[in-house]
Structures are given as C-alpha cells and as structure tokens.
Amino acid sequence: MVTDAETPAGAGALAGSPLEERLRELAGSVPDPELPMLTLAELGVVRGVRRTGAAAVEVELTPTYTGCPAVETMAEDIERVLRERGGVAEVRVRRVLAPAWTTDDITAEGRRKLAEAGIAPPRTTRPPGPVPVALGPRRDRTSGPGAAAGASGGDAAVACPRCGSGDTELLSPFSSTACKALRRCTACLEPFDHFKELT
C-alpha cells in the first residue's frame, strides 16, 4: 500500500547504513511495470530506504507524475521483493512528491536501455552539476535565450533509436502510455516511441 508523505523525498535516506543501502538496491532492482526494460533505480523513482524498526523499513517512492497509475504496482512489487529477498517483515512505501521527478532522473544506463528497446530516451534538460544563476535584464518570451522553439525541450531534434537520424517527426503527442509520444523517422521511415521530457 502506498501512503502519501508529509516530508520531502530523501529526508529519511541520509543514514545510509549498509543494510539500508542493500535494501535500497533491492527496491531499485524492481522492474518498472510500464517499461520493464528499466529498473526503478534506473528510472530514478526510488528516493530512499530507511529502517523504522528491527524488521521494518520505509521506502520513499516518487511517481513520474502525480496521477501515475503504476505507483500501486511499483509499491506492491517493492514490498514483495523486500520481504522475499531482503527478509523484511514490515514494508511501508510512502509516495513523496517533492522534489518532483523529472526525466533528468533517468540514469545513463536507463537511457541506453530505452534506446536499445527502440524507445528514444528523453533529452536531458538540465546540465550536470551545480547550475549557476545570474541575474540580468528581464526578457520577454519573444526574445533572448530560450525563446527559440525547442530550447526547453519542445520539438528539438529527437534521434531515431533505430538508425540514429535526427530527421524525425511527431505523429502523436501520446503513444502506448501517457509519458511517451509517437514519432516517425523520415530517413528510415520507422515509427518509434519517444519518452517525453518532463522538467
């Protein structure tokens, strides 16, 4: 069963004992129910695991979006794995919504697996490491950096996962799941799913 958290993700994950790290690895090894080629760790939704008693743990899980229908299945699978393989008698999964999940949380290995499965991975929307902040003159939406189409991940080039061409077109903003769009490569003419960017 999933319960909603009142504290931000990661609040209980600071202890990081060897047992908690092992249980986090187990929880993260669960396949995503909608994208079974990815684990929950590769998807970036398991935010923390902490012991709450001798045989009890609490897992912090952030959904890819608030109404994600797969959250209950993820929680059930985490509970089963931690009981069967981790020897934990009591598992509580809490849904944490802050900080919100973004597609930047998908690991490099997760992105590789998506492409290998024929799904164009989401484009990275934030640079790695600290983000410098500089204040300057105010700009409107029609001028300055970020005004061009695709600067925030809009319809910038999405590479075909089959042939690698950047010449692709959007066929539908939705595909097999709400988090994917249907695109077609104009070079090899193959349709493919694109995991949409969420920032």
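Shown above is the structure to which this text applies.
What counts, and where the lines are drawn
Residues numbered from 1 in each chain as written. Predicted model: local features only at pLDDT ≥ 70, side-chain atom pairs only at ≥ 80, totals over all residues. Heavy atoms only, no water. Helix = DSSP H or I, 4+ residues; strand = E, 2+ residues; numbered from the N terminus. Buried < 20%, exposed > 50% of the residue type's maximum accessible area, 1.4 Å probe, protein only. Contact = heavy atoms within 4.5 Å. Areas by Shrake-Rupley, 256 points an atom, 1.4 Å probe, with all protein chains shown as cover. Pairing = 2+ DSSP bridges. Salt bridge = Lys/Arg side-chain N within 4 Å of Asp/Glu carboxyl O. Arc of directions from axis to C-beta. Disulfide = S-S within 2.5 Å.

*Asks:* Explanation requested: the overall build of the protein in the structure shown.
*Replies:* Across its full length, the protein holds four helices and eight strands. When its helices and strands are written in sequence order, the protein yields β-α-α-β-β-α-β-α-β-β-β-β. Taking all 199 residues of the protein together, 40% fall into the buried category. Sequence separation of 24 or more characterises 57% of the internal contacts of the protein that already satisfy a separation of 6 or more. With the model as given, the accessible surface of the protein reaches about 10900 Å², and the carbon-plus-sulfur share is 55%.

*Asks:* Where do I start with the sheet that holds strand β6 (residues 168-172) in this structure?
*Replies:* The strands making up a sheet associate through backbone hydrogen bonding, with each pair oriented either parallel or antiparallel. Strand order in the open sheet made by the four strands is β5-β8-β7-β6, with mixed pairing throughout. Both outer strands of the open sheet, β5 (119-120) and β6, are each paired with one neighbouring strand and no more. Taken together, the four bridges between β6 and strand β7 (residues 180-185) define a ladder with antiparallel strand orientation. Counted as the bridge partner of Leu-170 is Arg-183 from β7.

*Asks:* How should I be thinking about the pattern of salt bridges in this particular structure?
*Replies:* Side-chain pairs of opposite charge can arise whenever the charged atoms involved come near each other. Summed over all chains, the structure comprises 12 salt bridges. Across the salt bridge formed by Arg-83 and Glu-79, the nearest N and O atoms sit 3.7 Å from each other. Remark: Glu-79 and Arg-83 occur in helix α3 (residues 71-84); sequence separation between them is four residues, near one turn of the helix. With its nearest N and O atoms 2.3 Å apart, the salt bridge here joins Arg-184 to Glu-169. Separated by 15 residues along the polypeptide, Arg-184 in strand β7 and Glu-169 in strand β6 bring together distant segments of the chain. Overall, Arg-184 belongs to the partly exposed group, its relative accessible area being 27%. We classify Glu-169 as partly exposed; its relative accessible area is 27%. The structure contains a network of salt bridges with shared partners spanning Arg-50, Glu-58, Glu-60, Arg-92 and Arg-94.

*Asks:* Can you help me understand helix α4 (residues 108-116) in this one?
*Replies:* It helps to recall that an α-helix has 3.6 residues per turn; residues three or four apart then point in one direction. For α4, the full list of buried residues reads Gly-110, Arg-111 and Leu-114. In an axial view of α4, the angular spread of the buried residues amounts to 100 degrees, which keeps them on one side of the axis. Of the residues in α4, the exposed ones pointing more than 90 degrees away from the buried face are Ala-108 and Glu-116. Those residues of α4 that are buried are in contact with α2 (40-43), β5 and β8 (191-195). Once α4 ends, the next one or two residues include Gly-118, with phi positive near 85 degrees.

*Asks:* Is there a simple way to think about the state of the cysteines in this case?
*Replies:* Each disulfide is one covalent bond, formed between the sulfur atoms of two cysteines. In total, this model carries zero disulfides according to the counting rule given. Its sulfur unpaired, Cys-68 is 7.6 Å from the next cysteine sulfur, which belongs to Cys-179. For Cys-68, a relative accessible area of 7% puts it in the buried group. The thiol sulfur of Cys-160 is not disulfide-bonded, and the nearest other cysteine sulfur, from Cys-188, lies at 3.9 Å. Residue class for Cys-160 comes out buried when judged on its relative accessible area of 3%.

*Asks:* Please clarify how the pairing of strand β3 (residues 56-61) should be interpreted in this entry.
*Replies:* The buried fraction of β3 amounts to six of the six residues, a majority that puts the element mostly inside the structure. Residues of β3 alternate between two faces, with Ala-56, Glu-58 and Glu-60 on one and Val-57, Val-59 and Leu-61 on the opposite face, all of them buried. In this sheet, β3 lies alongside strand β2 (residues 46-53) in antiparallel orientation, the contact comprising six bridges. Paired with Arg-50 across the two strands is Glu-58, which belongs to β3. Counting the residues that bridge the hairpin from β2 to β3 gives two residues. As judged from the six bridges shared by β3 and strand β4 (residues 90-95), these two strands associate in the parallel manner. The residue bridging Val-57 from the neighbouring strand is Val-91, located in β4.

So yeah, pure geometry; function would need other evidence.
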